Amino acid sequence: MLADLLQTGTTTTNATLNYGLWFLSLNPKIQKNCQAEIDSVVARHLSPTIEDIEKLPYFQAFVLETHRLANVVPNPVPRICPNDWNIRGYTVPKGSLIISNHYSAHMDNGHWGDPENFRPERFINEKGEFVIDKRVCHFGFGKRVCIGIILSNAVIPLFLATLLQNFTFSVVPGKIPPTTEPEIGISLSPKEFEVKITNRA
Ligand code: HEM
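Just so it is clear, the structure is predicted and the values come from calculations on it, not from any experiment. Counting from 1, residues in each chain are numbered in the order their sequence is written. In keeping with the model being predicted, local features are shown solely for residues with a pLDDT of at least 70 and side-chain atom pairs are shown and tallied solely at 80 or more, while totals for entire chains, interfaces and linings include all residues. With hydrogens and water stripped out, all remaining heavy atoms of the structure feed into the side-chain values.

*Asks:* Any chance you could break down the overall build of the protein for me, citing the residues and the numbers?
*Replies:* Strands are runs of DSSP state E lasting at least two residues, helices are runs of H or I lasting at least four, and both sets are numbered from the N terminus onward. What the protein contains, in helices and strands, is 7 helices and 8 strands. C-alpha atoms define the radius of gyration in this analysis, and the globule rule sets the expected value at 2.2 Å times the number of residues to the power 0.38. Computed over its C-alpha atoms, the radius of gyration of the protein comes to 18 Å, within 12% of the 17 Å expected for a compact globule of 201 residues. Each residue is placed in one exposure class: buried if its accessible area under a 1.4 Å probe, protein chains only, is under 20% of its type's maximum, exposed if it is over 50%, and partly exposed if it falls in between. The 201 residues of the protein split such that 37% are buried. The long-range share in the protein, meaning contacts at least 24 apart out of those at least 6 apart in sequence, stands at 70%. For the protein, the exposed surface amounts to about 12,300 Å²; the carbon and sulfur share of it is 60%. One way to put it: in the protein the 19 positive side-chain charges average out to a point 2 Å from where the 19 negative ones average out. Here, two residues are considered to be in contact whenever any of their heavy atoms come within 4.5 Å of each other. Accessible surface area values rest on a Shrake-Rupley calculation with a 1.4 Å probe, where residue burial reflects the displayed protein chains alone. In summary, the charge assignment counts Lys and Arg as positive and Asp and Glu as negative, without counting His or the chain termini. Here the site of a charge means atom NZ of a Lys, CZ of an Arg, CG of an Asp or CD of a Glu.

*Asks:* Please give an account of a nonpolar patch on the surface that cites residues and values.
*Replies:* Put simply, a patch holds well-exposed residues, over 30% relative accessible area, that have no salt bridge, with like charges counted together within 9 Å and Val, Leu, Ile, Met, Phe, Trp or Tyr side chains within 5 Å. Each salt bridge in this description consists of a side-chain nitrogen of Lys or Arg and a carboxyl oxygen of Asp or Glu lying within 4 Å of one another. Together, Ile80, Leu97 and Ile99 make up a nonpolar patch on the protein surface, roughly 320 Å² of accessible area in all. Classification of Ile80 as exposed rests on a relative accessible area of 57%.

*Asks:* Outline the site of the ligand, supporting the account with residue identities and numerical values.
*Replies:* Around the ligand, the structure places 21 residues, and the nearest of them are Thr8, Thr12, Arg79, Arg144 and Cys146. Take Arg79: an N or O atom from its side chain is 2.3 Å from an oxygen atom of the ligand. Any pair of N or O atoms that falls within 3.5 Å is considered a polar contact. Within protein, one atom must be able to donate a hydrogen and the other to accept it, and sequence-neighbouring residues count only if both atoms are side-chain atoms. Take Arg144: an N or O atom from its side chain is 2.8 Å from an oxygen atom of the ligand. Each cavity reported here is a set of points on a 1 Å grid over the protein atoms alone in which a 1.4 Å probe fits but cannot get out, each pocket an open set with protein on both sides within 12 Å along at least five of seven lines, and each lining residue one with an atom within 4 Å of a point. For this analysis, a molecule is said to be in a pocket or cavity if more than half of its atoms are within 2 Å of the grid points defining it. Judged by its atoms lying within 2 Å of the grid points, the ligand is housed in the largest pocket. At the level of secondary structure, the elements contributing two or more residues to the shell around the ligand comprise helix H1 (2-26) and helix H7 (149-166). For the shell around the ligand, the residue count by class is 8 nonpolar, 11 polar and 2 charged. The rule for a residue being near a molecule or strand is that one of its heavy atoms must lie within 4 Å of it. Throughout, the ten residues Ala, Val, Leu, Ile, Met, Phe, Trp, Tyr, Cys and Pro are labelled nonpolar, Asp, Glu, Lys and Arg are labelled charged, and all others, Gly among them, are labelled polar.

*Asks:* Kindly report on the packing of helix H4 (residues 57-70) against H7, identifying the contributing residues and their values.
*Replies:* Helix axes use the C-alpha atoms of the stretch in contact, all axes being lines fitted to C-alpha atoms, and the angles between their N-to-C directions lie in the range 0 to 180 degrees. Following both chains from N to C, one finds H4 and H7 inclined at 120 degrees, their axes separated by 11 Å at the closest point. The orientation of H4 relative to H7 falls into the category oblique. Considering how the two elements wind past one another, H4 and H7 form a crossing that is right-handed. Between H4, through Phe59, Phe62, Val63 and His67, and H7, the contact on the second element is made entirely by Ile156, Pro157, Leu160, Ala161 and Leu164. Each residue belonging to the contact of H4 with H7 can be placed in one class, and the counts come to 8 nonpolar, 1 polar and no charged. Note that the term roughly parallel is reserved for angles under 35 degrees, roughly antiparallel for angles over 145, roughly perpendicular for angles of 65 to 115, and oblique for everything else. Handedness of a crossing is defined here by the sense of rotation of the near helix relative to the far one, left-handed for an anticlockwise turn of less than a right angle and right-handed for a clockwise turn.

*Asks:* A description of the side chain of Gln31 should follow, citing residues and the corresponding values.
*Replies:* Inspection of the secondary structure assignment puts Gln31 in helix H2 (residues 28-41). Taking relative accessible area as the criterion, Gln31 reaches 2% and is therefore assigned buried. Within the structure, the side chain of Gln31 is placed 3.3 Å from the backbone oxygen of Leu24, a separation counted as a polar contact. Those residues in contact with Gln31 that sit more than four places away from it in its chain are Leu24, Leu164, Phe167, Thr168 and Phe169.

*Asks:* Pulling in residues and values, what's your account of the coordination of the iron atom of the ligand?
*Replies:* The rule for donors is simple: N, O or S, within 2.8 Å of the metal, or within 3.2 Å if the metal is Na, K or Ca. Water isn't counted, so a site may look like it is missing partners. Donor atoms from the protein around the iron atom of the ligand number only one, Cys146 (SG), found at 2.3 Å. Note on placement: Cys146 falls in the loop between helix H6 (109-112) and H7.

*Asks:* With reference to specific residues and values, describe the nonpolar core.
*Replies:* The biggest cluster of nonpolar side chains holds 29 residues, and the ones touching the most others in it are Phe23, Cys34, Ile38, Phe59, Phe62 and Leu160. When contributions to this core are tallied by element, the ones reaching two or more residues are H1, H2, H4 and H7. Per-element tally for this core: the top contributor is H1, with 7 residues. Filtering out sequence-adjacent residues up to four positions away, Cys34 remains in contact with Tyr58, Phe59, Phe62 and Leu164. Residues Ala61, Leu64, Trp112 and Phe123 belong to the second largest nonpolar core, which totals 5 residues. To qualify as a nonpolar core, a set must consist of buried Ala, Val, Leu, Ile, Met, Phe, Trp, Tyr and Cys residues joined through side-chain atoms within 4.5 Å.

What follows is the structure, given as structure tokens:
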């Protein structure tokens, strides 16, 4: 049980944090917006808290956009339908193998318009508030939804906000920017890449 938690929790969190740094280094304007927002809420000598994160709509949008485009778990474990099941006029017979497709929900052109672009603004409304779009289903849904949601929703924003408060991430001069091709495994992660880290002090 502990091994399961460690395995599922670390690979996904590690991949998401790596993708976060990857998107930041490729998108300097987005990074600047996040840093400006964090600086306006959190004093430089203090570490960000969960309460602070809730006051950072643009940064929260950046984190959700990271989850969407990272597609760390594109297709979770398949399930078997235990009974005949009727959904919106379709019958799914008992015994059918069901695989939910998070990737297609996250990359649906009809819904997002420009799914391949990294654009946190898609989760900001006209009042400047952060709005969750339930199409982003990186933790799955239903009875077998990820049990690490609360932990991840705390750790990932806190980790990235603390890094952004102190450092700026950029593509290493003279190096080819990191590829968008993921490393394929049980979950997806970016291929190994280098970033230049500059102290903001
Ligand atoms: C960015 C971070 C994470 C992502 C994207 C993620 C995603 C997912 C997804 C998609 C599922 C499958 C849901 C389904 O079958 O429909 C899942 C299940 C699971 N996750 Fe996570 N997860 C993350 C972090 C964590 C953490 C931090 C832990 C543990 C501390 C964890 C523990 C588990 C476990 C034990 C399951 C199996 C639940 C079950 O089958 O009942 N996950 N996760």
